[in-house]
Amino acid sequence: QVQLVESGGGLVQAGGSLRLSCAASGSIKTITVMGWYRQAPGKERELVATITRGGNTNYADSVKGRSTISRDSAKNTVYLQMNSLKYEDTAVYYCVVDLTTCTFCRTTRYWGQGTQVTVSS
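As the structure is a prediction and not an experimental result, all values here were calculated from the model.

Let us now look at the pattern of salt bridges. Counted by the stated rule, this structure contains five salt bridges. A salt bridge links Asp61 to Lys64; the nearest nitrogen and oxygen atoms lie 3.2 Å apart. We classify Lys64 as partly exposed; its relative accessible area is 49%. Because the salt bridges share partners, they merge into one network encompassing Arg38, Glu46, Arg66 and Asp89.

As structure tokens, then:
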């Protein structure tokens, strides 16, 4: 079993900052990609940012320059620092982790339960 525990969401004023965290635990052999998606009311879930095992990052254009994704591989934890938050950043943010649970197991994507980020204008 694998568990993802997210934290750091909340209510913030426009222009403010938040830091989201997601810790993976359980039967983990190798983590490849970690990242964040978000889903606003009435919209489809969209990619926010990802980071590979080697540290390569990818950002949605909507958050590029305002957000930084990082990971602590020793702690199996991924972070998303979001600055200069806008009203349109309001969404439920989901952590994703691509991992294997054994040496010859296939890579599986796990999702966190989601954490609400609300930006007041």
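On to the state of the cysteines, then. Taken as a whole and assessed by the stated rule, the structure comprises two disulfides. There is a disulfide in this structure between Cys22 and Cys95, and the S-S distance comes to 2.1 Å. Linking Cys22 and Cys95, the disulfide has an S-S dihedral of approximately -80° and is accordingly described as left-handed. Placement of Cys22 in strand E3 (residues 18-26) and of Cys95 in strand E9 (residues 91-100) is noted, with a sequence separation of 73 residues between them. Note on accessibility: Cys22 and Cys95 belong to one class, buried. The disulfide partner of Cys102 is Cys105, and the S-S distance across this bridge is 1.6 Å. Linking Cys102 and Cys105, the disulfide has an S-S dihedral of approximately 95° and is accordingly described as right-handed.

This part is about the environment of Cys95. According to the relative accessible area criterion, Cys95 is buried, its value standing at 0%. Counting along the chain gives 20 residues from Cys95 to Lys75, while the straight-line C-alpha distance between them is 15 Å. For Cys95, the residues in contact, after removing those within four places along its chain, are Leu4, Glu6, Cys22, Gly35, Trp36, Val78, Tyr110, Trp111 and Gly112.

A word on the nonpolar core. Trp36, Ile69, Val78, Leu80, Met82 and Tyr93 are the most contacted members of the largest nonpolar core, which totals 29 residues. Sorting the residues of this core by element identifies strand E1 (2-7), E3, strand E4 (30-39), strand E5 (46-51), strand E8 (77-82), E9 and strand E11 (115-120) as the ones contributing at least two each. Take this core: its biggest share by element is five residues, from E9. Sequence-distant contacts of Met82, that is, excluding residues within four places in its chain, are made with Gly16, Ser17, Leu18, Leu20, Arg66, Ser67, Tyr93 and Val117.

Moving on: the packing of aromatic side chains. On inspection of all chains with the given rule, the structure shows two aromatic pairs. With a centroid separation of 6.5 Å and an interplanar angle of 75°, the aromatic rings of Tyr94 and Trp111 are classed as edge-to-face. With Tyr94 in strand E9 and Trp111 in strand E10 (residues 108-111), this pair connects stretches of sequence that are 17 residues apart. The exposure class of Trp111 is partly exposed, given its relative accessible area of 37%. An aromatic cluster of three or more residues is present, and its members are Tyr37, Tyr94 and Trp111. A cation over a ring is seen here: Arg45 above Tyr94, with NZ or CZ 3.8 Å from the ring centre.

Reading across from one edge, E1-E3-E8-E7 is the order of the four strands in this open sheet, with antiparallel pairing throughout. The strands lining the two open edges of the sheet, one partner per strand, are E1 and strand E7 (67-72). On average, adjacent strands in this sheet sit at an angle of 15° to one another, irrespective of strand direction. As defined by bridge partners, E3 adjoins E8 across six bridges and the pair is classed as antiparallel. Among the inter-strand pairings, Ser21 is bridged to a residue of E8, identified as Tyr79.

Calculation rules
- Residues numbered from 1 in each chain as written.
- Predicted model: local features only at pLDDT ≥ 70, side-chain atom pairs only at ≥ 80, totals over all residues.
- Heavy atoms only, no water.
- Salt bridge = Lys/Arg side-chain N within 4 Å of Asp/Glu carboxyl O.
- Buried < 20%, exposed > 50% of the residue type's maximum accessible area, 1.4 Å probe, protein only.
- Disulfide = S-S within 2.5 Å.
- Helix = DSSP H or I, 4+ residues; strand = E, 2+ residues; numbered from the N terminus.
- Contact = heavy atoms within 4.5 Å.
- Core = buried A, V, L, I, M, F, W, Y, C linked by side-chain atoms within 4.5 Å.
- Phe/Tyr/Trp six-rings, centres within 6.5 Å; stacked < 30°, edge-to-face > 60°.
- Lys NZ or Arg CZ within 6 Å of the ring centre and 35° of its normal.
- Pairing = 2+ DSSP bridges.
- Axes fitted to C-alpha atoms, helices over the stretch in contact; angles between N-to-C directions.

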